[in-house]
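Observations on the model geometry
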2 protein chains.
Amino acid sequence: MNNLEFVKNVLAEAANYEHACSVLNYDQETICPSAAMEEQGEVMAFLSNQAFKLLKQPEFIEAAEALYKDRQNLDELDRVLAEQLHRTYLETVNITPELDHEFSRIYNKAFVDWTKAKDASDFSMFKDSLEKVLEIEKKKIALRGYDTPEDAAKPVYDQMLDDYEKGITMEDLDRIFGRCRERLVPLLKKIQASPKKIRRDFMSRIVTDEQQRQMAQYLLEVMDYDFTRGAFTTTEHPFTDELGKNDIRVTTHYYEDDFSSSMYSIVHEGGHATFDQLTPESHYDNYIDGGKTMGMHESVSRFYENRIGRSRAFVHLIYPKTCEIFPQVMHDVSEEELYEALNVVEPSLIRTQADEFTYVFHIMIRYEIEKALMDGSLEIKDVPQVWNSKYQEYLGITPPDDKSGVLQDVHWTFGFGYFPTYAIGNFYNSMYYKELEKAMDVDATVAAGDFKKLNGWMKEHVFARADLVEPKQWIREITGRDLTPDDFLDYLEEKYSKIYGL
Amino acid sequence: MNNLEFVKNVLAEAANYEHACSVLNYDQETICPSAAMEEQGEVMAFLSNQAFKLLKQPEFIEAAEALYKDRQNLDELDRVLAEQLHRTYLETVNITPELDHEFSRIYNKAFVDWTKAKDASDFSMFKDSLEKVLEIEKKKIALRGYDTPEDAAKPVYDQMLDDYEKGITMEDLDRIFGRCRERLVPLLKKIQASPKKIRRDFMSRIVTDEQQRQMAQYLLEVMDYDFTRGAFTTTEHPFTDELGKNDIRVTTHYYEDDFSSSMYSIVHEGGHATFDQLTPESHYDNYIDGGKTMGMHESVSRFYENRIGRSRAFVHLIYPKTCEIFPQVMHDVSEEELYEALNVVEPSLIRTQADEFTYVFHIMIRYEIEKALMDGSLEIKDVPQVWNSKYQEYLGITPPDDKSGVLQDVHWTFGFGYFPTYAIGNFYNSMYYKELEKAMDVDATVAAGDFKKLNGWMKEHVFARADLVEPKQWIREITGRDLTPDDFLDYLEEKYSKIYGL
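Residues numbered from 1 in each chain as written. Chains lettered and ligands numbered in written order. Predicted model: local features only at pLDDT ≥ 70, side-chain atom pairs only at ≥ 80, totals over all residues. Heavy atoms only, no water.

Across its full length, chain A carries 23 helices and 3 strands. In terms of overall size, chain A behaves like a compact globule, its C-alpha atoms giving a radius of gyration of 23 Å where 502 residues would be expected to give roughly 23 Å. Reported as C-alpha extents along the three principal axes, the dimensions of chain A are approximately 70 × 50 × 45 Å. Every one of the 502 residues in chain A was classed for burial, and the buried ones make up 59%. Of the contacts made within chain A by residues no fewer than 6 positions apart, 74% connect residues no fewer than 24 positions apart. Accessible surface for chain A amounts to roughly 19800 Å². Of this, 49% is attributable to carbon and sulfur atoms. Placing the 57 positive and 91 negative side-chain charges of chain A at their respective mean positions leaves the two points 4 Å apart. (Helix = DSSP H or I, 4+ residues; strand = E, 2+ residues; numbered from the N terminus. Rg over C-alpha atoms; globule rule 2.2 N^0.38 Å. Buried < 20%, exposed > 50% of the residue type's maximum accessible area, 1.4 Å probe, protein only. Contact = heavy atoms within 4.5 Å. Areas by Shrake-Rupley, 256 points an atom, 1.4 Å probe, with all protein chains shown as cover. Lys, Arg positive; Asp, Glu negative; His and termini not counted. Charge placed at Lys NZ, Arg CZ, Asp CG, Glu CD.)

Each copy of the sequence occupies a distinct position, and chain B is placed on chain A by a rotation of 180 degrees and an axial shift of 0.0 Å, giving an RMSD of 0.0 Å. Look at the turn and shift together and you get a two-fold axis relating the two. No C-alpha of chain B lies nearer the rotation axis than that of alanine 20 of chain B, which sits 3.4 Å from it. Most of the interface of chain B is mirrored in chain A: 100% of its interface residues are interface residues there too. (Least-squares fit on C-alpha atoms with pLDDT ≥ 70 in both.)

It is worth spelling out the packing of helix H19 (residues 420–439) of chain A against helix H22 (residues 471–479) of chain A at this point. Residue and element names in this part refer to chain A. Where H19 contacts H22, the axes come no closer than 9 Å and their chain directions differ by 20 degrees. The orientation of H19 relative to H22 falls into the category roughly parallel. Classified by chirality, the crossing of H22 by H19 is left-handed. Of the residues in H22, those touching H19 at Tyr428, Met431, Tyr432 and Glu435 are Pro471, Trp474, Ile475, Ile478 and Thr479. When its residues are assigned to classes, the contact of H19 with H22 shows 7 nonpolar, 1 polar and 1 charged. (Axes fitted to C-alpha atoms, helices over the stretch in contact; angles between N-to-C directions. Parallel < 35°, antiparallel > 145°, perpendicular 65-115°, else oblique. Left-handed = near helix turned anticlockwise from the far one by under 90°. Nonpolar A, V, L, I, M, F, W, Y, C, P; charged D, E, K, R; others polar.)

Enumeration over the complete set of coordinates arrives at 101 salt bridges over all chains. Residue arginine 183 of chain A pairs with aspartate 490 of chain A through a salt bridge whose shortest N-O separation is 2.9 Å. Of this pair, arginine 183 of chain A sits in helix H9 (residues 170–193) while aspartate 490 of chain A sits in helix H23 (residues 486–499), and the two are 307 residues apart along the sequence. Using a relative accessible area of 36% as the deciding quantity, one classes aspartate 490 of chain A as partly exposed. A salt bridge links arginine 229 of chain B to aspartate 226 of chain B; its shortest N-O distance comes to 3.9 Å. Relative accessible area serves as the criterion here: at 25%, aspartate 226 of chain B is assigned to the partly exposed category. Taken together, the salt bridges that share partners define one network made up of Arg179, Glu182, Arg183, Asp486, Asp490 and Glu493 of chain A. (Salt bridge = Lys/Arg side-chain N within 4 Å of Asp/Glu carboxyl O.)

The next thing to look at is empty space enclosed by the protein. All names here are of chain B. Taken as a whole and assessed by the stated rule, the structure comprises 1 cavity of 30 Å³ or more. Considering only enclosed or pocket space, the largest cavity measures out at about 30 Å³ in volume. What lines the largest cavity is Trp387, Val406, Gln408, Asp409, Trp412 and Phe419. Classifying every residue of the lining of the largest cavity by side-chain character gives 4 nonpolar, 1 polar and 1 charged. (1 Å grid on protein atoms, 1.4 Å probe; cavity = no way out; pocket = protein on both sides within 12 Å on 5 of 7 lines; lining within 4 Å. Points joined across faces, edges and corners; volume = space filled by probe spheres on them.)

Let's shift gears to the pairing of strand S2 (residues 240–244) of chain A. All names here are of chain A. For S2 and strand S3 (residues 247–252), the ladder comprises 4 bridges, and the chain directions are antiparallel. Its bridge partner lying in S3, aspartate 241 is registered against arginine 249. Turn length for the S2-S3 hairpin, with the two strands adjacent in sequence and antiparallel, is 2 residues. (Pairing = 2+ DSSP bridges.)

Below, the discussion takes up helix H11 (residues 259–277) of chain B. For H11 of chain B, which comprises 19 residues, the first-to-last C-alpha distance of 26 Å matches the rise-based estimate of 27 Å (1.5 Å per residue) to within 8%. Of all 19 residues making up H11 of chain B, 19 are buried, and the element is well covered by its neighbours. (Expected span 1.5 Å × (residues − 1).)

Let's shift gears to the packing of aromatic side chains. Under the counting rule described, the total for this entry stands at 56 aromatic pairs over all chains. Judged by centre distance (6.5 Å) and plane angle (90 degrees), the ring pair of phenylalanine 123 of chain A and phenylalanine 126 of chain A falls under edge-to-face. Across this residue pair, the class does not change: phenylalanine 123 of chain A and phenylalanine 126 of chain A are buried. With 6.0 Å between their ring centres and 50 degrees between their planes, phenylalanine 303 of chain B and tyrosine 432 of chain B make a pair best called tilted. Of this pair, phenylalanine 303 of chain B sits in helix H13 (residues 294–308) while tyrosine 432 of chain B is found in helix H19 (residues 420–439), placing the two residues 129 residues apart along the sequence. (Phe/Tyr/Trp six-rings, centres within 6.5 Å; stacked < 30°, edge-to-face > 60°.)

As a further point, take the sheet that holds S3 of chain A. Residues and elements named next belong to chain A. Pairing is mixed in the open sheet, where 3 strands are placed in the order S1-S3-S2. Every other strand in the sheet has two partners, leaving strand S1 (232–234) and S2 as the edge strands with one partner each. Neighbouring strand axes in the sheet, compared pairwise and without regard to direction, differ in orientation by 25 degrees on average. In the packing of helix H11 (residues 259–277) onto the sheet, contacts are made with S1, S2 and S3, and the angle to S3 comes to roughly 170 degrees.

Residues and elements named next belong to chain A. Looking at the secondary structure, you find tyrosine 433 in helix H19. Judged by relative accessible area, tyrosine 433 falls into the buried class, the value being 7%. Among residues more than four places away in sequence, those in contact with tyrosine 433 are Phe303, Arg307, Ile308, Val442 and Asp443.

Quick look at the sheet that holds strand S1 (residues 232–234) of chain B now. All names here are of chain B. Ordered by their spatial adjacency, 3 strands build an open sheet running S1-S3-S2, and the pairing between neighbours is mixed. The outermost strands of the open sheet, each flanked by one partner alone, are S1 and strand S2 (240–244). The mean angle between the axes of side-by-side strands here comes to 25 degrees, regardless of whether they run parallel or antiparallel. This element, helix H1 (residues 3–30), spans S1, S2 and strand S3 (247–252) of the sheet and lies at about 150 degrees to S2. The sheet strands contacting H11 are S1, S2 and S3, and the helix crosses S3 at an angle near 170 degrees.

Let's shift gears to the domain arrangement of chain A. Residues and elements named next belong to chain A. Domain annotation for chain A reports domain 1 (3–153) and domain 2 (170–499). Placing a centre on the C-alpha atoms of domain 1 and another on those of domain 2 gives a separation of 27 Å. The interface is formed by 34 residues belonging to domain 1 together with 36 residues belonging to domain 2. Between domain 1 and domain 2, a total of about 3300 Å² is buried, with carbon and sulfur atoms accounting for 65% of that surface. (Domains from an automatic or database assignment. Buried area = accessible area lost by both parts, 1.4 Å probe.)

What follows covers the interface of chain B and chain A. With 33 residues of chain B at the interface, the matching set in chain A holds 33 residues. The tally of links from chain B across to chain A stands at 2 salt bridges. Taking the shortest distance from any N to any O, the salt bridge between arginine 249 of chain A and aspartate 27 of chain B comes out at 2.7 Å. The interface formed by chain B and chain A holds 6 residue pairs in polar contact (both at pLDDT 80 or more) in total. Elements with a contribution of two residues or more to the side of chain B that touches chain A: H1, helix H2 (37–56) and S3 of chain B. When residues of the side of chain B that touches chain A are assigned to their parent elements, the largest contribution, 9 residues, is made by H1 of chain B. Here the residues of the side of chain B that touches chain A are counted per class, giving 15 nonpolar, 10 polar and 8 charged. (Polar contact = N/O pair within 3.5 Å; in protein donor to acceptor, adjacent residues only side chain to side chain.)

Right, let's talk about helix H8 (residues 156–164) of chain B for a bit. Counting buried positions along H8 of chain B yields 7 of 9 residues, so the element is predominantly enclosed. Within the span of H8 of chain B, buried status applies to Tyr157, Asp158, Gln159, Met160, Leu161, Asp162 and Tyr164 of chain B.

On to the packing of H11 of chain B against H13 of chain B. All names here are of chain B. At a minimum axis distance of 7 Å, the contact between H11 and H13 shows a crossing angle of 130 degrees. Judged by the angle between their axes, H11 and H13 are oblique. Seen from above, H11 lies across H13 with right-handed handedness. Of the residues in H13, those in contact with Tyr264, Val267, His268, Gly271, His272, Thr274, Phe275 and Asp276 of H11 are Met296, His297, Glu298, Val300, Ser301, Arg302, Tyr304 and Glu305. Residue composition of the contact of H11 with H13, grouped by class: 6 nonpolar, 6 polar and 4 charged.

In structure tokens, the structure reads:
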């Protein structure tokens, strides 16, 4: 058996453990009873440790490293695999199975504690676990291997950012977020000063879970989601889960007095699912489907949620169905009123429910907190206070409690550096939207509900190479340009100037 | 480390795989998308094989067998563990991990094929898998080890029966079912000839899923089900799943024109769950919670479903809530009318929806088919025809299709010998109901909704020793008598004579 076959056999075995962990994680997020969470977490830690041990066998590492050295002679998919394995090798070179098992248990405990703390709206119940996560996240960076002294010298937070969005640095983000601040702060002031009154009374009219379920089902059908290769259900915090190439699940959450929340969370998660469902099967079969970065993924989900989902054309498409499914809401609401209400700009507390305009401020706040935690200028115990004061500074509002403040997101139970990818996604999709416009009349395609055509373009131009290249190269291949926030800022300016009559 | 510690350490490790398999199985039964079923089945086969390998290590077997030889010097719980391990040792002595893996895959494929065949109502899509299951079930018996030549000489089907209900034989069942036939056939004729008209029009009035969900929630609360240590959801075929000592889940199924179906499936599964939730924690911690037989388990679930759930006192208890949750059904229905409608005797096609009177015929049919398959007098290909003709013979009705006939139950995807335990459960619970009556006024307790008291008696007298002793001894310890169907037959005769004015 040659190195390539050997490596793939071991990966196939490890994939069994990883698949099982995915299902157990999904179960924890959806239905696992509270008293059983820790025990199930222990099982997950055990299984992921079994996979870890397989990939730490000296024979496996030798074979994988030999492939990496010889990567120029491999097919493209195998070369990408060799590069991904080398990256993992460096990340885990000093991490023993015992240490890995300890880490898994800490992450899982953090998740359980966060759930309890959020229920109780009490940060102090999560604080110790968060300290532990911060500590092991830093420890993991300290234990890494590096190809060059330059790599080793990178700041800790740059390395964390790189884990979620290869090649992105604090320098990039400081520049990009600076540009956002520069253009969005004055624009937000103008919007807030506008005399335009957008009607919103109907947005909080009561709807049943069953009505919302029907709407979610309809929206997934509109998006051409493949139900034979997925499922949808409800969770506290909506997410998409890729359990296998034929198993891409989405979840949503119903609020009886906020029907649009579930609608747009389902379009967002449906976007993630479209990306995964239309990823070439060969990438799954070659174990490289994890090559796509979080920023790429968020670009796609936010493309469907905002660029498409909150467009005038999409509202035109779905308006008749909203009237049919939510008669008690829509009986006196016009298409234009629905469009405007879905695009109200208003500072708010919960990131996942923020409008697309103020959304980026939520990310900047989290980015600044993480950066300060990493350079040591902020301590965990002070995070809630800093969180609240930054919300006051950027958005002019202060969370009344931890649940709607610092405890709202699950992300810090598993690490730091993820949040910026949400904003970067907006910048990517505004860049490739311009290419899409060259290929078709986007509004006409959306208004006609032709998602096969839209998804087809996305598959060919946006999805096809995402597992294969780093994000900076990926966006350059699609658009011929380097990452910039300007297309996104132009889009916001044009759209909201029109809505608010600026 | 001594033998006992070593054995328990290995069992703890294997329990991780078993726990994961339980969750994956639950996922397959509840939400896993169709296109992903086979892949997930492969993962389950892999994991259960890892557990199997652990328990097949020579060091483990030697230690476990040494414990068994020395069992008279062990504490009771450890002695029971040693006996259970010895039993497993004999069952698997000639089964290699490769063979075990092959078996797991066959069972899983059978489950997937059965699901598809049932959807299509086409037995031919399940036939090949069923042949395979029959073949490996026989093969597994042929590969067993035995303590004595007498054990080895037992008929194949007796050994299968013994797997689900230790000590029960075809001789027992032929005698018991003969007695049932003798007493129930004439009684059924009298009931069918009775002029009594039971009002049933309201039983098929339309209810929503949400109303049924509320009712299921209420019934589980009435039964004192612990929601922090369980969950409930919907599946095609309702079941209870013990995933861990703090994770006992129940499922149900909603039919819009049959509200009582879900109500009584939830009381049935709630009964199973009560048994598992009130099993001593020390049994879980000592890996002997699997000692309770299927017949014991069914005795409890059917005790709650029928003896308690369909009693006049229980209907009195829940009547106000049915009026509140199902106003469109109950607005013109009296308590007495509801009680009678819940106890109509009428031959029907679906076992799980059969009334408690005709239920035993469904079991007799399956028992006779299984027995004939094992002695070679019946071939798989002829099962649907024999099934249909037996339904005609015993119940006077013929299934219109495979879905409501031979494909209705999942059980044959994993083996044979299980069905009789459903009937045996009735015989056990009618026997211990007599003891319960000596301890309390059962009707008054139920009418008052005092399930803490009822469950408390069950815990002390019925549940406590179930993992520790074989069923024939267990029922003798509770009642001082040997297994007999007569208490059950007396109960049926008295109850239905009264309802039908015989």
